[in-house]
Amino acid sequence: MRVAWLISNHGWGHLSRSLVCLEALVGRGHAVAAVVAPEMAPTVASALPTVTVITGRLDRGYVFGAGGRGVDREASRALFAEALAGPEPALIEAVRAWAPDIVAADATPWASTLAEALGTPSVLVSNFSWDDQFDAMYAPSPEVDRLHEVVARTTLGLELPLGTGLPRIAERRRLPLVSRMPRGPVRLDGLGEGEAYVAWAFGRTAPRAQPLDALRAIAAYCRAHGLRLAIDAAVAAHADLGTEVVAVAPDAYWPDVLASARLVLTKAGYSSIAESLRGTGYVLGAGITGLPEERAMLAEVEASGYGLGIPWDVPAFTERMVEASRDLLARAPRTLEVARGELEAVAALEALAG
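Residues numbered from 1 in each chain as written. Predicted model: local features only at pLDDT ≥ 70, side-chain atom pairs only at ≥ 80, totals over all residues. Heavy atoms only, no water.

### Digging into the sheet that holds strand β6 (residues 156-159)
For the record, the criterion: Between any two strands, pairing holds if DSSP finds at least two bridges. Secondary structure elements follow DSSP: runs of H or I of four or more residues count as helices, runs of E of two or more count as strands, with numbering from the N terminus. Only the stretch in contact is used when fitting a helix axis, every axis being a line fitted to C-alpha atoms; angles between N-to-C directions are given from 0 to 180 degrees.
Overall, parallel pairing links the 7 strands, which are arranged β3-β2-β1-β4-β5-β6-β7 in an open sheet. Taken across any chain shown, the strands that pair with only one partner, and hence form the sheet edges, are β3 (52-55) and β7 (172-174). With direction set aside, neighbouring strand axes in the sheet form an average angle of 20°.

So, in structure tokens, the structure goes:
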């Protein structure tokens, strides 16, 4: 089977979970072409050397608001127009020359457009679709209706947990989590074997755009209760947290850090939450956009007993983060999530290809 896989250029979380699926496809002996923005190409080539890399302009989602909070609706209009325009002719021809049997995508609505141009089935493997995000920002409008129609033409939707799903695709099925898996016990300088700790994990969000007041309050709470706080070294230095925290090096394997923590404090991003759920700790998610995917994600975290979610713009955000941390740290360990959604995704693609 030959699968061309499009990856949305809105944050590295899309690439992270897509690589998990691509690795599973390669492991089954299938040929894969990763269709990505140029800046993602080196990461794909390094992680999966046998995968063909096709580069071009991919959809870029939306623009975050000032300070990394909320959405800049006016600045996002240009990206919405890109999503509506679809793939450029050069990208279509590059994928056509590779001759896939199936066009799959992480979240981009272009899977159906590209597949129709090539005469193949199309598949979305995601916890959400961009048309729902843009619906919340710009509906009602004819442009949003057009994007809904593009997504609805997708042959098959494989819905991941932690999101809105893919309700506009007629044929769809629910999958378990897709995420990078822990490789073993965490190894961090300054952290004793089996020592309890809390992890602060806001991904690639710039330190200045993270909720630093809440971070300092959580660090103080951990000190007062004999808990270590594991945090990216650059963020720890920016927030002036001193030497009492466990600084996580830039090359650390974060799935190990997240899965071994008693509590993970993170923004409401799919990858960090999914990787945290591979352990027995809890998640405290901070909502930053208020868009449908995020709201659904935080609601599912709470309904499933995975943890709690707090919108960033609520009154007394810092105090609520500390209170929620106290609540979650008092709970008994939860059952870790072991099901591998990427394996079911590969099986679904194989069935579709016949």
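### With respect to the side chain of Thr 289
Selection criterion: Using a 1.4 Å probe on the protein chains alone, a residue whose accessible area is under 20% of its type maximum counts as buried, one over 50% counts as exposed, and one in between counts as partly exposed. Two residues qualify as a contact provided that any one of their heavy atoms is within 4.5 Å of a heavy atom in the partner residue.
Along the chain, the position of Thr 289 falls in the loop between β12 (282-287) and α12 (292-303). What makes Thr 289 buried here is its relative accessible area of 16%. If near-sequence neighbours (up to four positions away) are discounted, Thr 289 is found in contact with Tyr 62, Phe 64, Gly 70, Val 71 and Glu 294.

### Points about the pairing of strand β5 (residues 122-126)
Burial runs high along β5: 5 of the 5 residues are buried. Examined bridge by bridge, β5 and β6 share 4 bridges and lie parallel to one another. Bridge pairing in β6 places Val 123 opposite Leu 156.

### Brief notes about the nonpolar core
Note the following rule: Take the buried Ala, Val, Leu, Ile, Met, Phe, Trp, Tyr and Cys residues and link them wherever side-chain atoms come within 4.5 Å; each set so joined is a nonpolar core.
Trp 5 and Leu 162 are the most contacted members of the largest nonpolar core, which totals 43 residues. Element by element, the count of residues in this core is highest for helix α1 (residues 12-27), at 7 residues. When neighbours within four sequence positions are excluded, Trp 5 is seen to be in contact with Ser 18, Cys 21, Leu 22, Leu 25, Ala 33, Ala 34, Val 35, Ala 104, Ala 105, Asp 106, Val 125 and Leu 349. Ala 214, Tyr 221, Leu 263 and Met 321 belong to the second largest nonpolar core, which has 34 residues in total.

### Structural notes on unusual backbone geometry
Cis geometry is found at the peptide bond from Ala 139 to Pro 140, where omega equals -5°. Relative to the helices and strands, Pro 140 is located in the loop between α6 (130-138) and α7 (142-152). Not every positive phi belongs to a glycine, and Leu 162 is a case in point at roughly 65°. If you trace the backbone, Leu 162 turns up in the loop between β6 and β7. One non-glycine residue with positive phi stands out, namely Ala 316, at about 55°. For Ala 316, a relative accessible area of 43% corresponds to the partly exposed category.

### Describing the environment of Leu 263
As for its position among the elements, Leu 263 is in strand β11 (residues 263-267). A relative accessible area of 0% means that Leu 263 is categorised as buried. The sequence separation of Leu 263 and Phe 64 amounts to 199 residues, and the corresponding C-alpha distance is 26 Å. Apart from the residues lying within four places of it in its own chain, the contact partners of Leu 263 are Tyr 197, Val 198, Ala 199, Tyr 282, Val 283, Leu 284, Ser 325, Leu 328 and Leu 329.

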